[in-house]
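Working through the structure, step by step
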Amino acid sequence: MRACINPAEIQPGDLSAYADGEAAQRVAAHVRRCAFCAGRVAIYRRMVAALAVALDRAACPEAETLGDFYLDALPAGQKLVVAKHLAACPQCAAELQAFDRPVPSADWLAGLKGLSSVLTGVLEAIRVPLRPLAVARGDTARPHYYRAGNLNISIGYRSSTAQRGVLSGVILAPASRAAPAPRFPLPVAQEGRMPFIHVTLFRHDAEVSVQPIDALGSFVFEDIPPGEYDLAFDWDERVVLVTGIRAP
Amino acid sequence: MNPSSDMDVGTLAARCRDEMAKSRQRQPADDRYCFELFRRALALRDAAAWDAICQQYQRLVQSWLAVDDPDADALVNDTFTRFWQQIPLDRFQHAFHHLGAVLGYLRKCARSIAIAHWRQQKRQMELEKLLADQQASSPERDPLRDLTAQELAAYVKARLDEREWLIIMLSADGLRPRQIHERHPAQFASPHEVSRIKERALDRLRGDPYLRRLWGET
């Protein structure tokens, strides 16, 4: 059959949804009656299966990059991307163990000299719960507070045009002395000086922009399209990560 | 005064070999001779010192590679080549202060080469199987087999927009539209929007004569 028996019954996306097992009953009924659409569904399934093989591990860092991560020889931004990837990819985590294979280790984090602090810093920041503030008058987005060590970080997004906006924030230091002591040393503001030098904006694990942090702890990213972002605050050998920032 | 600094390369290599033998027998060993050999090879680009290192450390590199197949010799060669390329003239003095640091870096190169080799072997096996299933009647070797995952991904990505690419990657990872929507609610308003964009992306990829062979359309 060269054409659909009744195109009016099918909307764009219906057949792909059916191939994924998420279509409505009316779509299933149509596919049962229409050989042309059943053929398209079969092709979509074959395509996704083939792409799964062909693109397997395409998002993984190169083996050489894993090696440089192991040696702590990557720039902070790239180190962060690899650390995030390792937390989600058991294959790369297993490969990282191969760099230390003569010493079997169940806890590879503990075995990485000089890197455990980076990863601990990342993981600690991820665990910090989000505490929303009240909506500021005139703002289109709600600023959020994050806590890392004795620092509070406020981050907000404001639309500047229909498709663009400004992502800005300020590091508020120090937080309350009553805050529980962190398990590891995190950045501490001293004598009015901010411990961070710059902040990096990531989207889909790719670096978007790097901006300085001024003496008052403020930073601004302009002309940012809506989307989901991560921010990495570089400090000495460590990185503090704030993930899942939605703009707007 | 380092006694090794005035030695010729032949003497240095012999002393290095002796000290390595002591180290293997768990006896106290002086690593200054081997370190000096590396310094001359990498910081001074001394070809004779480099040849001595390749001979001296070949078996150690083989053990780090842990690869037992016909490619093993080529991988040893790749390891030394990468090690040489990654240490520019001015870097040796700053980066390496003792033999352990140099050997740690050489081992990193070997392990990286081995991991890349394992990845490519596994990928080629899976692609061979996929393409054999799809192209049982075709006698020609398909060039798709020789592409790395990253190269093929770059080819696919160039044909899609940002959201289409994200969906295709996540779908290839086994995520369904509902899961993709839950993971990226700022990007996609609903699971059906994911399906709509995915279908558009798949239809575009279907039109590519190069990729069509992956799923057996000619």
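In this numbering scheme, every chain counts its residues from 1 along its sequence in written order. Going through the entries in the order they are written, you letter the chains from A and number the ligands from 1. Since the coordinates come from a predicted model, pLDDT governs what is reported: local features require at least 70, and pairs of side-chain atoms require 80 or more to be given and counted, while whole-chain, interface and lining totals use all residues. Heavy atoms from the whole structure form the basis of all side-chain values; hydrogens and water molecules are not counted.

**Things to note about the interface of chain A and chain B**
- Contacts are assigned to residue pairs with any non-hydrogen atoms lying within 4.5 Å of each other. The interface of chain A with chain B comprises 48 residues on the first partner and 51 residues on the second.
- Two parts placed together each lose some accessible area under a 1.4 Å probe, and adding up what both lose gives the buried area. Summed over both sides, the interface between chain A and chain B buries roughly 4400 Å², with carbon and sulfur atoms accounting for 57% of that surface.
- The working definition used for a salt bridge is a side-chain nitrogen of Lys or Arg within 4 Å of a carboxyl oxygen of Asp or Glu. Here chain A and chain B share 9 salt bridges between them.
- Between K122 of chain B and D56 of chain A there is a salt bridge, with the nearest N and O atoms lying 3.6 Å from each other.
- N or O atoms within 3.5 Å of each other form a polar contact, as long as, within protein, one can give a hydrogen and the other can take it, and as long as residues adjacent in sequence are counted only when both atoms are side-chain atoms. One can count 21 residue pairs in polar contact (both at pLDDT 80 or more) joining chain A with chain B.
- Strands are runs of DSSP state E lasting at least 2 residues, helices are runs of H or I lasting at least 4, and numbering of each runs from the N terminus. Elements with a minimum of two residues in the side of chain A that touches chain B: helix 1 (14-19), helix 3 (35-54), helix 4 (63-70), helix 6 (90-98) and strand 8 (227-235) of chain A.
- Ranked by the residues each element gives to the side of chain A that touches chain B, the list is headed by helix 3 of chain A, at 11 residues.
- The classification used treats Ala, Val, Leu, Ile, Met, Phe, Trp, Tyr, Cys and Pro as nonpolar, Asp, Glu, Lys and Arg as charged, and all other residues, Gly among them, as polar. When grouped by side-chain class, the residues that make up the side of chain A that touches chain B number 25 nonpolar, 7 polar and 16 charged.

**So, the nonpolar core**
Residues and elements named next belong to chain B.
- Side-chain atoms within 4.5 Å link the members of a nonpolar core, which is a set of buried Ala, Val, Leu, Ile, Met, Phe, Trp, Tyr and Cys residues. The buried label applies to any residue whose accessible area, calculated with a 1.4 Å probe on protein chains only, is under 20% of its type's maximum; exposed applies above 50%, and partly exposed to all values in between. Counting 39 residues, the largest nonpolar core has L37, F38, Y57, L65, F83 and F92 as its most contacted members.
- Put simply, the parts of the chain that give this core at least two residues each are helix 1 (9-24), helix 2 (32-42), helix 3 (47-65), helix 4 (72-86) and helix 6 (99-134).
- Considering each element in turn, this core owes the most residues, 9 residues, to helix 6.

**A short note on the confidence of the model for chain A**
All names here are of chain A.
- Here chain A averages 71 in pLDDT, and 66% of its residues register 70 or above.
- A residue's pLDDT is simply how confident the predictor is in it, with values from 0 to 100. The element-level mean pLDDT for chain A is lowest in strand 1 (residues 131-132), coming to 31, with helix 1 highest at 96.
- Within the model, pLDDT remains below 50 along residues 175-193, and this stretch shows 32 contacts once partners closer than five positions in the same chain are excluded.

**Brief notes about the state of the cysteines**
- The disulfide definition used here is simple: a pair of cysteine sulfur atoms within 2.5 Å. Within this structure, the stated rule accounts for 1 disulfide over all chains.
- Disulfide pairing is shown between C16 of chain B and C34 of chain B; the S-S distance is 2.1 Å. Taking the torsion about the sulfur-sulfur bond, which here is approximately 105°, the covalent link between C16 of chain B and C34 of chain B counts as right-handed. With a gap of 18 residues between them, C16 of chain B in helix 1 and C34 of chain B in helix 2 connect regions that are remote in the sequence. Comparing C16 of chain B with C34 of chain B shows no difference in burial state: the two are buried.
- Between C4 of chain A, a free cysteine, and C37 of chain A, which holds the nearest cysteine sulfur, the sulfur-to-sulfur gap is 3.7 Å.
- Take C4 of chain A: its relative accessible area is 18%, and that puts it in the buried class.
- Not engaged in a disulfide, the cysteine C60 of chain A finds its nearest cysteine sulfur in C92 of chain A; these two sulfurs lie 3.7 Å apart.
- Here C60 of chain A falls in the buried class, since its relative accessible area comes to 8%.

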